[in-house]
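Spelled out, the chains give:
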Amino acid sequence: MDRRKKINNRDRGGGTFPIILLIVGLAVAIGVFLFFYKMNSTEKSSEITEADTDAGGKWSEGIVTYGGKQYKYNSTIRSYLFMGIDTDEPVQKKAKGIEGNQADALFLLVEDADSGKLSVIAIHRNTMTDIRECDDNGKDIGNEIAQICLQHGYGDGERLSCQWQTEAVSNLFYGIPIKGYISLNMGGIGLLNDAVGGVEVEVLDDLTSKNAALVKGETVKLNGDQAYLYVRSRDTGEFDSATARMQRQKQYLNAFIPKARQKAKTASGAMSIYKKAEDYLFTNVEYARLAEELAGLDYDPDKDMYEIPGEVRMGEEYEEFYTNETEFYEMILEIFYKEIS
C-alpha cells in the first residue's frame, strides 16, 4: 500500500494549527518551576543534543540580493520546531520503521534576540516537499515528494522521527538551521486543559454531534474531553475543512495561555501542569532555558503569526498544499534576514 495513503487513512482530523502556542505556554509553565529550583526535567530524550537538529547550517554565509535590495542572515535568531503528533497514546519508542505516527501540527518558533521579537510560522500539514522514506524494517529506500506531515511516521516515534521531521522542515526552509524540537502527542491536550482548571470559550461551530454541550453561540467552560474535541474536530469529508477549525484553535489558545501563565506563578502550579503532560512530550530542548528566553520576547498574535503562503489542491486521492515560492522566499527574507541597503 502506498505510504501516503496508509498514513492519511489514519487522519482523524489532523492539522491542529496553533497547537504551537499551547506547547509554548506549557514550556513557560514548566520553565518557571525548573528555573527557580534549578532542576533538570526527566525528558525522555535527555541523550540528544542540539547538534542533532542543527540541520543545514546558515542559510547563506554571504549577501542575498533580491528586488534591488541586499540582505544578510540574522545570526541572532534561534529556531525551534514544535510538533503535534497524531496519537492519543503516551510517547513510547517503536521499532525503526513506519509506525512513528504523522505530525499533524508543525510550527516553527523563531526567536530574534536582537529585536526581542518572537515569530511563529505555521506549516500546513499537507505541504508537498521532499521527505525521507524507509521500509517496515527501517531500511532507507530514498526520498519522495509527499505531504510533510508523513515524515514523522518514518522512524521510532521518538528521537529518530523527530530528527527526520526537523530535517524535512529545515530543507523546506532552504536549510535554515533549527536548534531543537518539542513534540506533543495529541492525547495530552485534555490533560493540559484540566491542569489549568478548564478554558472558557464561546462555541464557534455546532459540534453537538461530538458533544451535546458544544452548541454554537453558547459560552462553555471546556473540560478535558470537550477541549480535545473542540481543538481537533473537523469534517474530513469537506474540502480544506481545517479553516474553521483553525479559528477555534486560535480562540482556544488565546484563552488557554493566560490561564497557564497564571497557574505557573507558583512552583506547585507549574509542576502540576508539567506532571500532567510529561508522558505525552518528547523533546531535546531544556525547558528552563527556553522559558527564560520566551519570557523576555514580544509577541503579537495578530502580527507575528505567519503561515507559509500557498494553496490547497486535491491530489489523486488526498489534499496537497503547494507553496507560493515567491511569497515564501519573501517571508523568509522578512523573518530570518536583515536588510542592509
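All values derive from a computational prediction rather than experimental measurement.

A. Structural view of the sheet that holds strand 15 (residues 337-339). Strand order in the open sheet made by the three strands is 1-2-15, with antiparallel pairing throughout. In the strand order of this sheet, the two ends are held by strand 1 (63-66) and strand 15, each with one partner. Put simply, the sheet's adjacent strands are angled 35° from each other on average, direction ignored. Pairing between strand 1 and strand 2 (residues 69-73): four bridges, direction antiparallel. For V64, the partnering residue across the bridge sits in strand 2 and is Y71.

B. Geometry of the nonpolar core. L222, Y230, Y252 and F256 are the most contacted members of the largest nonpolar core, which has 39 residues in total. Ranked by residues supplied to this core, first place goes to helix 6 (residues 242-263) with five residues. With 35 residues, the next largest nonpolar core counts I77, A168, F282 and L333 among its residues.

C. Local environment of the sheet that holds strand 8 (residues 180-185). Strand order in the open sheet formed by six strands is 11-8-3-4-5-12, and the pairing between neighbours is mixed. If you trace the sheet from one side to the other, it starts and ends with strand 11 (281-283) and strand 12 (305-307), each paired once. Going across the sheet, the axis of each strand differs from the next one's by a mean of 20°, ignoring polarity. Direction of pairing for strand 4 (residues 103-112) relative to strand 5 (residues 117-123): antiparallel, over a ladder of seven bridges. Bridge pairing in strand 5 links L109 to V120. Sheet contacts for helix 3 (residues 159-172): strand 3 (77-85), strand 4, strand 5, strand 8 and strand 11; angle to strand 3, the most-contacted strand, approximately 125°.

D. Molecular detail of the environment of P258. Here P258 lies in helix 6. Looking at P258, the relative accessible area reads 47%, which means it is partly exposed. Remark: the alpha-carbon pair of P258 and V196, spanning 62 residues in sequence, is separated by 9.6 Å.

E. Local environment of the pattern of salt bridges. Scanning the entire structure with this criterion turns up nine salt bridges. Across the salt bridge formed by D104 and R232, the nearest N and O atoms sit 3.7 Å from each other. Taken together, the positions of D104 in strand 4 and R232 in helix 5 (residues 224-232) put the pair 128 residues apart, joining distant regions of the chain. Residues D104 and R232 agree in their burial class; the two are buried. Where D114 meets K338, a salt bridge forms, and the shortest distance between an N and an O atom there is 2.5 Å. Here D114, found in the loop between strand 4 and strand 5, pairs with K338, found in strand 15; they are 224 residues apart in sequence, far enough to count as distant. We classify K338 as partly exposed; its relative accessible area is 33%.

F. How the structure looks around the packing of aromatic side chains. Inspection of every chain in the model, using the stated rule, returns eight aromatic pairs. Ring centres 5.1 Å apart and planes at 50° place the aromatic pair Y66 and Y329 in the tilted group. Here Y66 is found in strand 1, whereas its partner Y329 is found in helix 9 (residues 325-336), with 263 residues between them in sequence. Ring geometry for Y252 and F256: centres 6.1 Å apart, planes at 25°, overall stacked. Taken as a pair, Y252 and F256 lie in helix 6 at a separation of four residues, close to a single helical turn.

G. Representation of the confidence of the model for the protein within the structure. In the predicted model, the protein carries a mean pLDDT of 79, and 77% of its residues have values of at least 70. Here helix 1 (residues 3-8) stands out as the element of the protein with the lowest mean pLDDT, 40, in contrast to strand 10 (residues 219-222), whose mean of 98 is the highest. Long-range and interchain partners of residues 1-20, a stretch whose pLDDT sits below 50, account for 80 contacts in this model, where long-range means more than four residues apart. For the stretch residues 31-58, pLDDT sits under 50, and the model shows 67 contacts to residues farther than four places along the chain or on other chains.

H. Region of interest: the side chain of D304. For D304, the position within the fold is in the loop between helix 8 (287-295) and strand 12. Here D304 falls in the buried class, since its relative accessible area comes to 7%. Excluding residues within four positions of it along the chain, D304 makes contact with K117, L118, S119, V120, D298 and Y299.

I. Spotlight on helix 9. Under the 1.5 Å per step criterion, the end-to-end length of helix 9 is 16 Å for 12 residues, consistent within 8% with the ideal 16 Å. Buried residues of helix 9: F328, M331, I332, L333, I335 and F336, and no others.

J. Examining unusual backbone geometry more closely. Positive phi, close to 70°, is recorded for N101, a residue that is not glycine. Relative to the helices and strands, N101 resides in the loop between strand 3 and strand 4. Positive phi values are uncommon outside glycine, yet Y174 reaches one of about 60°. Tracing the backbone shows Y174 in the loop between helix 3 and strand 8.

Reading guide: rules and limits
- Residues numbered from 1 in each chain as written.
- Predicted model: local features only at pLDDT ≥ 70, side-chain atom pairs only at ≥ 80, totals over all residues.
- Heavy atoms only, no water.
- Pairing = 2+ DSSP bridges.
- Helix = DSSP H or I, 4+ residues; strand = E, 2+ residues; numbered from the N terminus.
- Axes fitted to C-alpha atoms, helices over the stretch in contact; angles between N-to-C directions.
- Core = buried A, V, L, I, M, F, W, Y, C linked by side-chain atoms within 4.5 Å.
- Buried < 20%, exposed > 50% of the residue type's maximum accessible area, 1.4 Å probe, protein only.
- Contact = heavy atoms within 4.5 Å.
- Salt bridge = Lys/Arg side-chain N within 4 Å of Asp/Glu carboxyl O.
- Phe/Tyr/Trp six-rings, centres within 6.5 Å; stacked < 30°, edge-to-face > 60°.
- pLDDT = per-residue confidence, 0-100.
- Expected span 1.5 Å × (residues − 1).

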